[in-house]
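# Results of the structural survey
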Amino acid sequence: MDLLQIQSSLIKNKSQEVATTISNNLSNKQFLNIIEKRIRKHLRSKDILKKDQTIYVIDELTHFFLKRIVTLPVNIVQLSKKEFNIKEYNYNLFSNKKIKTFRKKMKKDELLFLPLLLDDYCALFLHTHFTNKQLKKQELYSLFETITYEEIKVIVDKFKIKIPFNRKDNLYSFLDNLETKFHGTKHALYNSLQFYNRN
């Protein structure tokens, strides 16, 4: 399996088994480069980074990737998750009131990146659907919006980065079961959410 085939597999099939098997065929650097390439592509599509910008982060993983990816001179400020009453990371970050309050106080050219994964965006989409709540447009930013939990788990395991992702909610197991039966489900749900945000 060459590098192009591996990249294609990582994009099309997100199961833990596939992500782990592919990572075992690559060096740490090669696997990391593939993930970084996708994060860069995502950031370019958002067009939100500027020179001398202040970027707030609350987790070690975002800090790790920002330092590797961003070439512009920026000021990265590490915040404590305790400031936001956060113990674990999951789709509940979307409704965190302290994050909303903090964002309102931020200056126009400042950014806050949260450790939200593609799975979290899908879980939010399902949660609003199952609870008959109105889906609001999302203005939160994450480096990992197009990266699945399975892929990030490989990274944190390889580089021994501690980050408290919580996947105990039944929505995540429901998503994983759907993905196992119908490959591409997570990306289809994510694309539906993006379509809603654009309209």
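Residues numbered from 1 in each chain as written. Predicted model: local features only at pLDDT ≥ 70, side-chain atom pairs only at ≥ 80, totals over all residues. Heavy atoms only, no water.

### Some thoughts on a positive patch on the surface
- Among the surface-exposed residues, Lys97, Lys100, Lys104 and Lys136 lie close enough to one another that they form a single positively charged patch.
- Summarising the element assignment, Lys100 is placed in helix H5 (residues 97–105).
- Classification of Lys100 as partly exposed rests on a relative accessible area of 41%. (Patch = residues over 30% accessible without salt bridge, like charges linked within 9 Å, V, L, I, M, F, W, Y side chains within 5 Å. Areas by Shrake-Rupley, 256 points an atom, 1.4 Å probe, with all protein chains shown as cover. Salt bridge = Lys/Arg side-chain N within 4 Å of Asp/Glu carboxyl O. Lys, Arg positive; Asp, Glu negative; His and termini not counted. Charge placed at Lys NZ, Arg CZ, Asp CG, Glu CD. Helix = DSSP H or I, 4+ residues; strand = E, 2+ residues; numbered from the N terminus. Buried < 20%, exposed > 50% of the residue type's maximum accessible area, 1.4 Å probe, protein only.)

### Overview of unusual backbone geometry
- The backbone phi angle of Asp52 is positive, close to 60°, even though this residue is not glycine.
- Its place among the elements puts Asp52 in the loop between helix H3 (28–46) and strand E1 (54–57).
- A positive phi angle is found at Asn132, which is not glycine, with a value near 55°.
- Residue classification places Asn132 among the exposed positions, given a relative accessible area of 71%.

### Some details on the packing of aromatic side chains
- Tallied over the entire structure, the rule returns 12 aromatic pairs.
- An angle of 70° between the planes, with centres 5.6 Å apart, marks the rings of Phe65 and Phe144 as edge-to-face. Of this pair, Phe65 sits in helix H4 (residues 60–69) while Phe144 is found in the loop between helix H6 (118–130) and helix H7 (149–159), placing the two residues 79 residues apart along the sequence.
- Using a relative accessible area of 0% as the deciding quantity, one classes Phe144 as buried.
- Centre to centre, the rings of Tyr91 and Tyr172 are 6.2 Å apart; their planes meet at 55°, and the pair counts as tilted. Taken as a pair, Tyr91 in the loop between strand E2 (75–78) and H5 and Tyr172 in helix H8 (residues 170–181) lie far apart in primary sequence, 81 residues in all. Residue Tyr91 shares its accessibility class with Tyr172, and that shared class is buried.
- A network of ring pairs unites the aromatic residues Phe64, Phe65, Phe144 and Phe159 as a single cluster.
- When the ring centre of Tyr172 is taken as origin, the NZ or CZ atom of Arg167, which lies over that ring, is 4.3 Å away. (Phe/Tyr/Trp six-rings, centres within 6.5 Å; stacked < 30°, edge-to-face > 60°. Lys NZ or Arg CZ within 6 Å of the ring centre and 35° of its normal.)

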